[in-house]
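Take a look at the letters that make up each chain.
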Amino acid sequence: MNPYLKRAASIVVARLPLRLRRELLHFRYFHKPIPRNPVTFLGKIQWRILHDRRSMIAIGGDKLAMKDHAARTSPDVVVPETIWHGQNIDDILDVDWGPEWVLKPREGSGYVAFGSGSLRDSGITIEEVSAWKHMDQFRVQGEWAYGQSAPGYFLERKIPTQDGGSPNDVRFFVFDGIVRLVQTDTPRFDGVRRRFYTPDWTPLDVTQGQAKLAPVAPRPERLDAMLEIAAAIGAGYDFIRVDLYDVPEGIFFGEITPYPTGGMGRYSDDKFDEWLGSFWSLPVDTTD
């Protein structure tokens, strides 16, 4: 689709009532309405987006709040150092921040920039950052948590790796403080390759969305420690996904995610979706 038409369509969709927006998205991916009494994991994500307005869910839409939450709940996780946060990027364009850092929006999701020294010397411009569409998950797709954060941006120290590349990202599906599923994604030139494992590292031959099935990886040496950290960070949530990075310097916190794939990443096995959903007991009270 022409990018201008796509943007215009997004503006129109954003003006629709939330339920209608979600129904249209759901029909696009599943060719059926959102279930009123969901039993699958993906169905329960839809329920959360439509109904759950607790402050604990809002933490998952504020990257600074979730870092504070991780530091408070798990003494064993390393939380990347925040070196600046604010609303005006133009005020800090020429500040030399030293070694490698990462620039992220505080609210929303899906956008990031890497650099070292100053933002300007790293090729980051106001125009580039202003064009980020990180709030579309809230404004267009209606994912409530991403609209509850204070606006702005922040810089944090880049997680160190031996080769300077991306750290190993391991994602833990935590239900009532218990890890039930582990996910790894492997970036490839032909797209992301994804693999799910049980907590004892039994591989599952289930694909999701457009991601291809990744080869089975060796069991991480610090898997048990990561499981404990993820369970601690996820304690108190009926469900949350906890993302961690495993590097030689320690186990680093990535983020918590209340709506993985926005509930639209269809699994290749519907029974798997039901199995995963069986661990999730939806709350009775959805406001504080």
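In what follows, the accompanying structure is described. (Residues numbered from 1 in each chain as written. Predicted model: local features only at pLDDT ≥ 70, side-chain atom pairs only at ≥ 80, totals over all residues. Heavy atoms only, no water.)

1. Some remarks on the overall build of the protein chain
Inference 1: Tallying secondary structure elements over the protein chain gives nine helices and eleven strands in all.
Inference 2: The C-alpha radius of gyration of the protein chain comes to 19 Å, within 12% of the 19 Å expected for a compact globule of 288 residues.
Inference 3: The C-alpha extent of the protein chain, read off along each of the three principal axes, is 55 × 50 × 45 Å.
Inference 4: Within the protein chain, buried positions represent 50% of all 288 residues.
Inference 5: In the protein chain, the share of contacts with a sequence separation of at least 24, taken over all contacts with a separation of at least 6, comes to 61%.
Inference 6: Element-wise, carbon and sulfur atoms account for 52% of the exposed surface of the protein chain, whose accessible area totals about 14,400 Å².
Inference 7: Charged side chains in the protein chain number 35 positive and 39 negative. The centres of these two groups are separated by 8 Å. (Helix = DSSP H or I, 4+ residues; strand = E, 2+ residues; numbered from the N terminus. Rg over C-alpha atoms; globule rule 2.2 N^0.38 Å. Buried < 20%, exposed > 50% of the residue type's maximum accessible area, 1.4 Å probe, protein only. Contact = heavy atoms within 4.5 Å. Areas by Shrake-Rupley, 256 points an atom, 1.4 Å probe, with all protein chains shown as cover. Lys, Arg positive; Asp, Glu negative; His and termini not counted. Charge placed at Lys NZ, Arg CZ, Asp CG, Glu CD.)

2. Things to note about helix α3 (residues 41-51)
Inference 1: The element α3 is largely enclosed, with a buried count of ten among its eleven residues.
Inference 2: For α3, the elements touching its buried residues are α2 (18-30), α4 (55-58), β5 (168-175), β10 (240-247) and α9 (270-277).
Inference 3: The N-terminus of α3 is capped by T40, whose side-chain oxygen sits 3.0 Å from the backbone nitrogen of G43. (Polar contact = N/O pair within 3.5 Å; in protein donor to acceptor, adjacent residues only side chain to side chain.)

3. Describing the nonpolar core
Inference 1: Counting 48 residues, the largest nonpolar core has F41, F172, F173, I233, L244, Y267 and L276 as its most contacted members.
Inference 2: Considering every element that reaches this core, the biggest residue donor is helix α8 (residues 223-234), with six residues.
Inference 3: Beyond its immediate chain neighbours, meaning those up to four positions away, F173 contacts F41, I178, V179, R180, L181, Q183, F196, F239, I240, R241, Y267 and L276.
Inference 4: With 15 residues, the next largest nonpolar core counts W84, L103, V129 and Y153 among its residues. (Core = buried A, V, L, I, M, F, W, Y, C linked by side-chain atoms within 4.5 Å.)

4. A look at the packing of α3 against α9
Inference 1: Close contact between α3 and α9 brings their axes to 7 Å; oriented N to C, the two are set at 55°. Relative to α9, the element α3 lies oblique. Contact residues: F41, L42 and K44 in α3; D273, L276 and G277 in α9.
Inference 2: Its residues assigned to classes, the contact of α3 with α9 shows three nonpolar, one polar and two charged. (Axes fitted to C-alpha atoms, helices over the stretch in contact; angles between N-to-C directions. Parallel < 35°, antiparallel > 145°, perpendicular 65-115°, else oblique. Nonpolar A, V, L, I, M, F, W, Y, C, P; charged D, E, K, R; others polar.)

5. Things to note about the packing of α2 against α3
Helices that pack against each other are described as a pair by the angle of their axes relative to one another and the distance between those axes.
Inference 1: Taken N-terminus to C-terminus, the directions of α2 and α3 make an angle of 165°; their axes are 10 Å apart at the nearest point. Between α2 and α3, the crossing angle belongs to the class labelled roughly antiparallel. Crossing of α2 against α3: the hand is right-handed. When α2 is examined against α3, the residues L18, R19, R22, H26 and F30 are found in contact with a partner set consisting of L42, Q46, I49, L50 and H51.
Inference 2: Considering only residue class, the contact of α2 with α3 consists of five nonpolar, three polar and two charged. (Left-handed = near helix turned anticlockwise from the far one by under 90°.)

As far as function goes, none of this settles anything; it's purely spatial.
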